[in-house]
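Summary of structural features
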Amino acid sequence: MTSAIAAPATVKTSLRPIDRDGLMAFAAKGRANPQGRGTNVVHTVVEGQYRTLSYVGAHQPVVVDEPLHLFGQNTAPAPGEIVLSALGGCLAVGITAVATWKNVALSKLELHIEGDIGNPAAWGAGGAQTQPADMCFQQIRVKVDIEGDASREELEEIVRQANFYSPVANTMRNPIAFDIGLVG
């Protein structure tokens, strides 16, 4: 007589979901007014050296610094790392929204992001004479580690669609109007 040993059940919990009804209402609002825009507002204050505090609404400030080898205090992520963090956050929001729209419950979502950047111009302080196109990220790589109750092909389509519609990714891919000047 052989005894059957049951294989352990795989336990997967879903990530905390967003409000699908609210998402659908937001999507309907966008369809009704495709030219609608909002404004993000940030107030950045230099604390000293390269350490800055960026105030966004009622949140704790976002702290930005430079590493020691770039004359900062290394107390917080560098500006480029914050940009990549914003990209990761925006893509994660989009992936979550598209998965919710498609009724796919996600159990894991992690983004691994790398960006190649240089600063031979020393922020314009007497370094190499280069053009703006040479003083930005030259390549960004994003790898998405995603699991959910969908096939790999469906998950790939969710990621593709979220990338296509990501405001931050599209800001990085496309030229935008940019204005800078003194207050007053």
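Anyway, here's the lowdown on the structure attached to this text. (Residues numbered from 1 in each chain as written. Predicted model: local features only at pLDDT ≥ 70, side-chain atom pairs only at ≥ 80, totals over all residues. Heavy atoms only, no water.)

**Description of the side chain of Arg51**
On the secondary structure map, Arg51 appears in strand S2 (residues 51-55). Only 2.4 Å separates the side chain of Arg51 from the side chain of Glu47, close enough to count as a polar contact. Setting aside its immediate chain neighbours within four residues, Arg51 contacts Val45, Val46, Val63, Val64, Asp65, Gln73 and Thr75. (Helix = DSSP H or I, 4+ residues; strand = E, 2+ residues; numbered from the N terminus. Polar contact = N/O pair within 3.5 Å; in protein donor to acceptor, adjacent residues only side chain to side chain. Contact = heavy atoms within 4.5 Å.)

**Describing the pairing of S2**
Burial within S2 is extensive, with four of its five residues counted as buried. With five bridges joining them, strand S1 (residues 43-48) and S2 adopt antiparallel strand pairing. Paired with Val45 across the two strands is Leu53, which belongs to S2. For S2 and strand S3 (residues 62-64), the ladder comprises three bridges, and the chain directions are antiparallel. By the bridge assignment for S3, Thr52 is matched with Val64. (Buried < 20%, exposed > 50% of the residue type's maximum accessible area, 1.4 Å probe, protein only. Pairing = 2+ DSSP bridges.)

**Quick notes on helix H2 (residues 79-101)**
End to end, H2 covers 33 Å across 23 residues, agreeing with the expected 33 Å (1.5 Å per residue, within 8%). Taken as a whole, H2 has its buried residues at Leu84, Leu87, Gly88, Cys90, Leu91, Gly94, Ile95, Val98, Ala99 and Thr100. Asn103 occupies a position one or two residues after H2 and carries a positive phi of about 60°. (Expected span 1.5 Å × (residues − 1).)

**Comments concerning the packing of aromatic side chains**
As enumerated under the stated definition, the model contains two aromatic pairs in all. Summarising the aromatic geometry, the rings of Tyr50 and Trp123 are spaced 5.1 Å apart at their centres and angled 50° between planes, so their arrangement reads as tilted. On the criterion of sequence distance, the pair formed by Tyr50 in the loop between S1 and S2 and Trp123 in the loop between strand S4 (106-116) and strand S5 (139-148) is long-range, its members being 73 residues apart. The class of Tyr50 is partly exposed, set by a relative accessible area of 34%. Assessed through its relative accessible area of 43%, Trp123 is described here as partly exposed. Aromatic side chains Phe164 and Tyr165 sit 4.8 Å apart centroid to centroid with 80° between the ring planes, which places their arrangement in the edge-to-face category. Tyr165 shares its class with Phe164; the two are exposed. (Phe/Tyr/Trp six-rings, centres within 6.5 Å; stacked < 30°, edge-to-face > 60°.)

**Here we look at the pattern of salt bridges**
Using the criterion set out here, one finds six salt bridges in the structure. Two residues, Arg141 and Glu114, come together in a salt bridge whose shortest N-O distance is 3.1 Å. Note that Arg141 is positioned in strand S5 and Glu114 in strand S4, a separation of 27 residues in sequence. Classification of Arg141 by relative accessible area gives partly exposed; the value is 29%. For Glu114, a relative accessible area of 48% gives the class partly exposed. Its salt-bridge partner being Arg141, residue Asp116 comes within 2.8 Å of it at the nearest N-O pair. (Salt bridge = Lys/Arg side-chain N within 4 Å of Asp/Glu carboxyl O.)

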